[in-house]
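# Descriptive structure summary
For reference, the chains in residue letters:
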Amino acid sequence: LPDVEQLGRATWTFLHTTAAYYPERPTPFQRANMLNLLHSLPVLYPCSHCASHLAEETKRTPPDVSGRVALSRWLCERHNEVNERLGKETFDCAKTDDRWRDGPPD
Ligand code: FAD
């Protein structure tokens, strides 16, 4: 079985970084592909209880792929739902660019 923590860190890094560099004004093709990426996670993510939580959360709050600011916020909020579920501190979603775009990595 995969290491759920390491997989999680790697996946969040990929998702938040991809959102931080997603276009401000994505083309329909880019939007469609981002939606496919996000909708594929609950199907393929190799931590089945993580995947089923994510499926519920995405159903309740559909992804906003209209631009990088909205997408970064949407992801930040989903990640915060996981943080809360795991008893971790929540992250200030005004700071996603500092963490994932402008600032240095951990
Ligand atoms: P992580 O939560 O991995 O965060 C990595 C870094 O992201 C942090 O150091 C911080 O700088 C930054 N960050 C933190 N919160 C935010 C935010 N809201 N927005 C932007 N940046 C942020 N684990 C389980 O045990 N059970 C689950 O059900 C579960 N579901 C998951 C679902 C998904 C879709 C993913 C990707 C992961 C899931 N995980 C789950 C793994 C879990 O979220 C963590 O990745 C793992 O516990 C390691 O946590 P961490 O404290 O190292 O930091």
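Placed above this text is the structure.
Only a predicted model underlies this, so the values are computations on that prediction, with no experimental measurement involved.

### Section: the nonpolar core
Grouped together as the largest cluster of nonpolar side chains are nine residues: Ala19, Tyr22, Met34, Leu38, Val65, Leu71, Trp74, Leu75 and Cys76. Secondary structure elements with two or more residues in this core: helix H2 (28–44) and helix H4 (68–85). Top contributing element to this core by residue count: H4, with four residues. Ignoring anything within four residues of it in the chain, the contact list for Tyr22 reads Met34, Arg68 and Leu71.

### Description of the site of the ligand
If you check the shell around the ligand, you find 22 residues, and the closest are Gly8, Cys50, Cys76, His79 and Phe91. Of all the elements in the fold, those that place two or more residues in the shell around the ligand are helix H1 (4–20), helix H3 (48–60), H4 and helix H5 (96–102). Per-element accounting of the shell around the ligand gives the leading share, seven residues, to H1. For the shell around the ligand, the residue count by class is eight nonpolar, nine polar and five charged.

About the thresholds
- Residues numbered from 1 in each chain as written.
- Predicted model: local features only at pLDDT ≥ 70, side-chain atom pairs only at ≥ 80, totals over all residues.
- Core = buried A, V, L, I, M, F, W, Y, C linked by C-beta atoms within 7 Å.
- Buried ≥ 20, exposed ≤ 12 C-beta atoms within 10 Å, placed from the backbone.
- Helix = DSSP H or I, 4+ residues; strand = E, 2+ residues; numbered from the N terminus.
- Contact = placed C-beta atoms within 7 Å.
- Near = placed C-beta within 6 Å.
- Nonpolar A, V, L, I, M, F, W, Y, C, P; charged D, E, K, R; others polar.

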